[in-house]
Amino acid sequence: MGKKKPTKIFVLDTNVILHDSSCIQQFDEHDLVIPITVLEELDNFKKGNDTLNFHAREFVRALDSLSGDKLFNGGVPIGPGQGKISILLEKEYHPDIARNFQGNKPDHHILNAAYCLLKQMPLRQVVLVTKDVNLRMKAKSVGIAAEDYSTDRVNDISALYKGIRLEESAPAEIIDKLYKEPFEVEVTPTVFATPLTPNENIILRNTQKSVLGVFKADRNIITRISKPVAYGVSPHNAEQSFALNALMDETIKLISITGKAGTGKTLLAIAAAIEKRQQYHQIYVARPIIPLSNKDIGYLPGDIDSKIAPYMQPLYDNLGVIKNQFPHNDKSVKRVQEMLDLDKLQITPLAYIRGRSLVKVYFIVDEAQNLTPNEIKTIITRAGEGTKLVFTGDIFQIDHPYLDSHTNGLSYLISKMKGQQLYAHINLEKGERSELADLAADLL
């Protein structure tokens, strides 16, 4: 019988805990160390209604439930088959750290804690876990192993489900049936070389004809998609037709739409929500506030409404496009304004949604690539009866300092929800804003 490998010691940075408050359950038999500096930083996040505040409170409660004298002296067991967790009190700066990293920064205190452990326990591997790439590089520069928190990481973005497939040389009998009432054809999921998944969109083509369809797994049929229209907004290409069809399909409760700027993600979602307004009590259109240049919104002038207005303006711009589909005095334009006035249609920062009831709501989350996997999960698990959730975003255009195309919540959602009958995904590739916008999106 082989010799058992020694367990590792993982030192957690604050941003890992704020990313996922349940992170201590993800390290199997290995031991965890929380530098006292991390607790000090968490203390600054306890108050508030944002997701970061929620994670800070949840983690401290979980830690308190494990608490005991040994939490500061040898550690306490996390659970069956798991390692121990301990809190490491402040230590004097090691000369190697003091020589290279100046200033009283929390990151350097955490780095020093990991370095002191490394020197104290040379027979065990010490690993600093942080979402901060800069801190990972600093750790490696002094010989500390450093890793990203990758439990919710999507490894192969190039293979991420797109929700659309092209079937060249499709059987003529399938295409012909889709052009005749009831505009559907019964098939098996394995009718093509790659099995169909629920709500997957298909372009069927042969030398004579082509048709758009979607696979409905509950009935094993491909149903034809014509050119849907939502509150005056018509699709400009096949991808948008697929998206608009899913957005207005009441059997699909969860949708993700990805694509670069100008592909029409948010516009289609808002138009579909207004078109289907009678099926829902309210429409929420929300987005996370990720300030640019690492500045908090507090630096902006004015009251809270003035501060958040620049972040919400793109959503109002899309609403303006929808209004412009009709003459100025048309009742359809007035109806949209009435919905805003009566709070039937709310455009708001995502943080303001926390605590609200999501029953029979059409809920659109824009810029969802700036959410963590845990934040996405929190939103979805709040969905009540009759609610439809739509997440839109560009997984390659991320403003969050600790997320990338592999670790953001939108990528994670697509990778995990593929194949579920309540879920549909559409990746939009063709820009429809203007030739200049497409050129900039591709080249700049």
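Residues numbered from 1 in each chain as written. Predicted model: local features only at pLDDT ≥ 70, side-chain atom pairs only at ≥ 80, totals over all residues. Heavy atoms only, no water.

1. Description of empty space enclosed by the protein
Here's step 1: Counted under the stated rule, the structure contains one cavity of 30 Å³ or more.
Here's step 2: Estimated volume of the largest cavity: approximately 60 Å³.
Here's step 3: For the largest cavity, the full set of lining residues is Pro-35, Ile-36, Thr-37, Leu-88, Leu-89, Glu-90, Lys-91, His-109, Asn-112 and Ala-113.
Here's step 4: If one sorts the elements of the lining of the largest cavity by residue count, helix α5 (residues 106-120) sits on top with three residues.
Here's step 5: Of the residues assigned to the lining of the largest cavity, the class counts are five nonpolar, three polar and two charged. (1 Å grid on protein atoms, 1.4 Å probe; cavity = no way out; pocket = protein on both sides within 12 Å on 5 of 7 lines; lining within 4 Å. Points joined across faces, edges and corners; volume = space filled by probe spheres on them. Helix = DSSP H or I, 4+ residues; strand = E, 2+ residues; numbered from the N terminus. Nonpolar A, V, L, I, M, F, W, Y, C, P; charged D, E, K, R; others polar.)

2. Overview of the sheet that holds strand β11 (residues 221-224)
Pairing between the strands of a sheet comes from backbone hydrogen bonds, and it takes one of two forms, parallel or antiparallel.
Here's step 1: If you walk across this open sheet you meet the five strands as β7-β9-β10-β11-β8, and the pairing is mixed. The sheet terminates laterally at β7 (164-167) and β8 (184-186), the two strands that pair on one side only. Here the strands of the sheet are splayed against their neighbours by 25 degrees on average, with no regard to which way each runs.
Here's step 2: As defined by bridge partners, β8 adjoins β11 across three bridges and the pair is classed as antiparallel. (Pairing = 2+ DSSP bridges. Axes fitted to C-alpha atoms, helices over the stretch in contact; angles between N-to-C directions.)

3. Notes on the layout of surface pockets
Rolled over the atoms, a probe with the dimensions of a water molecule shows which regions are left empty.
Here's step 1: Estimated volume of the second largest pocket: approximately 1,200 Å³.
Here's step 2: Lining the second largest pocket are 45 residues, and of these Lys-260, Ala-261, Gly-262, Thr-263 and Lys-265 sit closest to its centre.
Here's step 3: For the lining of the second largest pocket, the secondary-structure elements that each account for two or more residues are β12 (254-259), α9 (265-275), α10 (304-323), β17 (423-428) and α14 (435-443).
Here's step 4: Within the lining of the second largest pocket, the residues separate by chemical class into 16 nonpolar, 18 polar and eleven charged.

4. Section: the sheet that holds strand β15 (residues 361-365)
Here's step 1: Spatial ordering of the open sheet is given by β14-β13-β15-β16-β12-β17, a layout of six strands whose pairing is parallel. A strand with exactly one partner marks an edge of an open sheet, and here the two such strands are β14 (345-349) and β17. Each adjacent strand pair in this sheet contributes to an overall mean axis angle of 15 degrees, direction not counted.
Here's step 2: Here β15 runs beside strand β16 (residues 388-393); their pairing, made up of four bridges, is parallel. From the neighbouring strand, Phe-363 faces β16, where its bridge partner is Leu-389.
Here's step 3: Contacts from helix α12 (residues 373-381) reach β12, β15 and β16 within the one sheet, and its direction differs from that of β16 by about 155 degrees. (Contact = heavy atoms within 4.5 Å.)

5. Some remarks on the packing of aromatic side chains
Here's step 1: Going through the model one piece at a time under the given rule, you end up with five aromatic pairs.
Here's step 2: Relative to Phe-27, the ring of Phe-10 lies with its centre 4.9 Å away and its plane at 45 degrees, an arrangement referred to as tilted. Here Phe-10, found in strand β1 (residues 9-12), pairs with Phe-27, found in the loop between α1 (14-19) and β2 (31-35); they are 17 residues apart in sequence, far enough to count as distant.
Here's step 3: Look at Tyr-284 and Phe-363: their rings are 5.9 Å apart centre to centre, the planes differ by 80 degrees, and that puts the pair in the edge-to-face class. (Phe/Tyr/Trp six-rings, centres within 6.5 Å; stacked < 30°, edge-to-face > 60°.)

6. Topic: the confidence of the model for the protein chain
Here's step 1: When pLDDT is averaged across the protein chain, the result is 89; 93% of the residues are at 70 or more.
Here's step 2: Per-residue pLDDT, averaged within each element of the protein chain, yields its smallest value for α14 (73) and its largest for β17 (98).
Here's step 3: Scored below 50 in pLDDT, residues 291-301 makes 14 contacts in the model with residues more than four places away or belonging to other chains. (pLDDT = per-residue confidence, 0-100.)

7. Describing unusual backbone geometry
Here's step 1: Following Glu-181, the chain continues to Pro-182 via a peptide bond in cis, the omega torsion being 5 degrees.
Here's step 2: Turning to its location among the elements, Pro-182 is positioned in the loop between α7 (172-178) and β8.
Here's step 3: Notably, Asn-220 is not glycine yet its phi reads approximately 50 degrees, a positive angle.
Here's step 4: With respect to the secondary-structure elements, Asn-220 resides in the loop between β10 (210-216) and β11.

8. Topic: the packing of helix α8 (residues 238-247) against α9
Here's step 1: α9 packs onto α8 with a crossing angle of 35 degrees between their chain directions and a minimal axis gap of 9 Å. As α8 runs across α9, the sense of the crossing is right-handed. Taken together, the residues of α9 that come into contact with α8 (itself represented by Gln-240, Ala-243, Leu-244 and Leu-247) are Leu-268, Ala-269 and Ala-272.
Here's step 2: Residue composition of the contact of α8 with α9, grouped by class: six nonpolar, one polar and no charged. (Left-handed = near helix turned anticlockwise from the far one by under 90°.)

9. Looking at a nonpolar patch on the surface
Here's step 1: Residues Leu-436, Leu-439 and Leu-443 make up a contiguous nonpolar surface patch of roughly 350 Å² in combined accessible area.
Here's step 2: Considering the arrangement of structural elements, one finds Leu-443 in helix α14.
Here's step 3: Classification of Leu-443 by relative accessible area gives exposed; the value is 63%. (Patch = residues over 30% accessible without salt bridge, like charges linked within 9 Å, V, L, I, M, F, W, Y side chains within 5 Å. Areas by Shrake-Rupley, 256 points an atom, 1.4 Å probe, with all protein chains shown as cover. Salt bridge = Lys/Arg side-chain N within 4 Å of Asp/Glu carboxyl O. Buried < 20%, exposed > 50% of the residue type's maximum accessible area, 1.4 Å probe, protein only.)

10. A short note on the packing of α12 against helix α13 (residues 409-417)
Helix packing geometry: the angle between the two helix axes and the distance between the axes.
Here's step 1: Where α12 contacts α13, the two axes come as close as 7 Å, and the packing angle between them is 65 degrees. The chirality of how α12 crosses α13 is right-handed. For the pair formed by α12 and α13, the contact residues are Pro-373, Ile-376 and Ile-380 on the first element and Gly-409, Leu-410, Tyr-412 and Leu-413 on the second.
Here's step 2: Tallied by class, the residues present in the contact of α12 with α13 amount to six nonpolar, one polar and no charged.

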